[in-house]
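As a plain string of letters, each chain reads:
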Amino acid sequence: MDEGGTPLLPDSLVYQIFLSLGPADVLAAGLVCRQWQAVSRDEFLWREQFYRYYQVARDVPRHPAAMSWYEEFQRLYDTVPCVEVQTLREHTDQVLHLSFSHSGYQFASCSKDCTVKVRTARCPAHPTQLCRSTEVPGPRRSNQIWSNDLTISLLHSADMRPYNWSYTQFSQFNKDDSLLLASGVFLGPHNSSSGEIAVISLDSFALLSRVRNKPYDVFGCWLTETSLISGNLHRIGDITSCSVLWLNNAFQDVESENVNVVKRLFKIQNLNASTVRTVMVADCSRFDSPDLLLEAGDPATSPCRIFDLGSDNEEVVAGPAPAHAKEGLRHFLDRVLEGRAQPQLSERMLETKVAELLAQGHTKPPERSATGAKSKYLIFTTGCLTYSPHQIGIKQILPHQMTTAGPVLGEGRGSDAFFDALDHVIDIHGHIIGMGLSPDNRYLYVNSRAWPNGAVVADPMQPPPIAEEIDLLVFDLKTMREVRRALRAHRAYTPNDECFFIFLDVSRDFVARLRHEDVVNSVVFSPQEQELLLTASDDATIKAWRSPRTMRVLQAPRPRPRTFFSWLASQRR
């Protein structure tokens, strides 16, 4: 500026100059004068900086919760946990899964060393200015301070080898963080698919119950604070089976034999060697996040479709079979699944009979009921063309169904319905390798490796080849729509028959790359502190990561506390 305060350069020229600078240089230049300060905060300037620095496609809009491009750039640059602060080496084999408690004070890890380890964070005597004072629930826990000074310590390690487990693979805390669900794989032949779920008390660390789980990659999940979902698989034919989902009470040491501790929830038919896997529960009452303003684009060209199987406009196949024939085969299949009868027909002939029943209306869609305040969605991977998981099934669970008391839930089906029909099916057109829910349970995130365009499955045992790139798809469970286009960031090289575990990483093309010496198996954010991230790897380590902002606070010199006498002396002056 000249002596009179008039700018020597117009704002437009300063703007063009700043476009050629990096983010740090723009901020430094903004300290020169008021004019440069104003230009250095220009929204169009930081939009360009954002797309250029993070290499994001320009048709991806700003996050709807962000107030400005400058603040969004600052959030990703300064608050994303990408600084390694601690490495945990208690496991002796590959670490497969991590899960945080809802309070964020504890986390559990599962490993090929067949242990489940529970850890907590010890807090220093002098927390930093960003800490929050919170009482941790539970009778065994005293008041603690969550601080940015992170020190992780081991609380408990449960060795599951005495129970004939091969390894542990998944864990989940219940809603009030009093119980831990841990699932694993049984020792057995190479092609064994059996597993088990264990419930561990987080007060006494006692093993409360064990539930059979087949196949093991159903994993299991909590439905309520004290009930969990497990699976079982019954073979009907060579490539046809039935997945039965069970509701189990976490506390099974009841005094009365008249009290139910387990109840059948749903029976799902599996075609073409597919099975139900990776069950999870979404709480519909928590759909309170803002809409994502990231549309999926032209739905006609999208490879993913959501089929509403409970709508009134679905075509109903006419020509029902005679009632006595349907009833007889229904009872016969019930006896086969319960082990009280052996099929006299060949497997292929029995599968044909089952397919005929399905074509004649045996799986009519259930009556649609409005989503209540406390209803939930049961979500799982499945398929209809091949054993490779390529579809997501969604079944609504109403409040009166969330208890082991009362009659078997399957009795709510019509008399001519042998299998439970799904409410929604999402066709991914690729191999699903992982799923996750947003914190409010509204959005479903799916990692998949796509099949080639126009791929046709001729043999269910020979699925199409899958892409090296991993796509991230997002679905809105409130509207049952795909809400954003696929993001393709990661690469994977495992073939079809080795893709049954969830492999995640963080791409350098977006925010940060978190390095391990081997494959990264699990990535989890703290639910209470989004600037804390944990990663687990095949290198048998767990790494903790903090944000650059947190590290600056930790490394800044702390002011010495003033004593009462120094304060009194300053008041006398």
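Located above this text is the structure these notes cover.
Note that the structure is predicted; figures quoted are calculated from it, not measured.

## Quick word on the overall build of the protein
Here comes step 1: Helix and strand content of the protein: nine helices and 27 strands.
Here comes step 2: Here the protein holds 573 residues, and 50% of them are scored as buried.
Here comes step 3: Here the contacts in the protein between residues at least 6 apart in sequence split such that 61% fall between residues at least 24 apart.
Here comes step 4: On the protein, roughly 29,100 Å² of surface is accessible, and the fraction owed to carbon and sulfur atoms is 52%.

## Focus on the sheet that holds strand β13 (residues 227–235)
Here comes step 1: An order of β12-β13-β14-β15 is seen for the four strands of this open sheet, with the pairing classed as antiparallel. In the strand order of this sheet, the two ends are held by β12 (221–222) and β15 (262–270), each with one partner.
Here comes step 2: One ladder, built from eight bridges, connects strand β14 (residues 241–249) with β15; its direction is antiparallel. In the sheet register, Leu247 faces β15, and the bridge partner there is Lys263.

## Describing the pairing of strand β25 (residues 520–525)
Here comes step 1: Taken together, the five bridges between β25 and strand β26 (residues 532–537) define a ladder with antiparallel strand orientation. Each bridged residue has a counterpart across the sheet, and for Ser522 the counterpart in β26 is Ala536.

## Some thoughts on the packing of aromatic side chains
Here comes step 1: Scanning all chains against the criterion turns up 15 aromatic pairs.
Here comes step 2: Grouped by ring-pair contacts, the aromatic residues Trp46, Phe50, Tyr51, Tyr53, Tyr54, Trp69, Tyr70, Phe73 and Tyr77 constitute a single cluster.
Here comes step 3: When the ring centre of Tyr167 is taken as reference, the NZ or CZ atom of Lys112 above it lies at 5.2 Å.
Here comes step 4: Above the ring of Phe418, the side-chain terminus of Lys267 is found at 4.1 Å from the ring centroid.

## Considering the environment of Arg442
Here comes step 1: The residue Arg442 is located in the loop between β21 (430–437) and β22 (443–450) in this model.
Here comes step 2: Expressed as a C-alpha distance, the spacing of Arg442 and Phe287, which sit 155 residues apart in the sequence, is 4.8 Å.

## Comments concerning the packing of helix α1 (residues 11–19) against helix α4 (residues 43–54)
Here comes step 1: Interaxial distance between α1 and α4 falls to 10 Å at its minimum, and their mutual angle equals 15 degrees. Considering their axes alone, α1 and α4 lie roughly parallel with respect to each other. Considering the relative orientation of α1 and α4, their crossing is right-handed. Within the contact between the two elements, α1 uses Tyr15, Phe18 and Leu19 and α4 uses Phe44, Leu45, Glu48, Gln49 and Arg52.

The rules behind the values
- Residues numbered from 1 in each chain as written.
- Predicted model: local features only at pLDDT ≥ 70, side-chain atom pairs only at ≥ 80, totals over all residues.
- Heavy atoms only, no water.
- Helix = DSSP H or I, 4+ residues; strand = E, 2+ residues; numbered from the N terminus.
- Buried < 20%, exposed > 50% of the residue type's maximum accessible area, 1.4 Å probe, protein only.
- Contact = heavy atoms within 4.5 Å.
- Areas by Shrake-Rupley, 256 points an atom, 1.4 Å probe, with all protein chains shown as cover.
- Pairing = 2+ DSSP bridges.
- Phe/Tyr/Trp six-rings, centres within 6.5 Å; stacked < 30°, edge-to-face > 60°.
- Lys NZ or Arg CZ within 6 Å of the ring centre and 35° of its normal.
- Axes fitted to C-alpha atoms, helices over the stretch in contact; angles between N-to-C directions.
- Parallel < 35°, antiparallel > 145°, perpendicular 65-115°, else oblique.
- Left-handed = near helix turned anticlockwise from the far one by under 90°.

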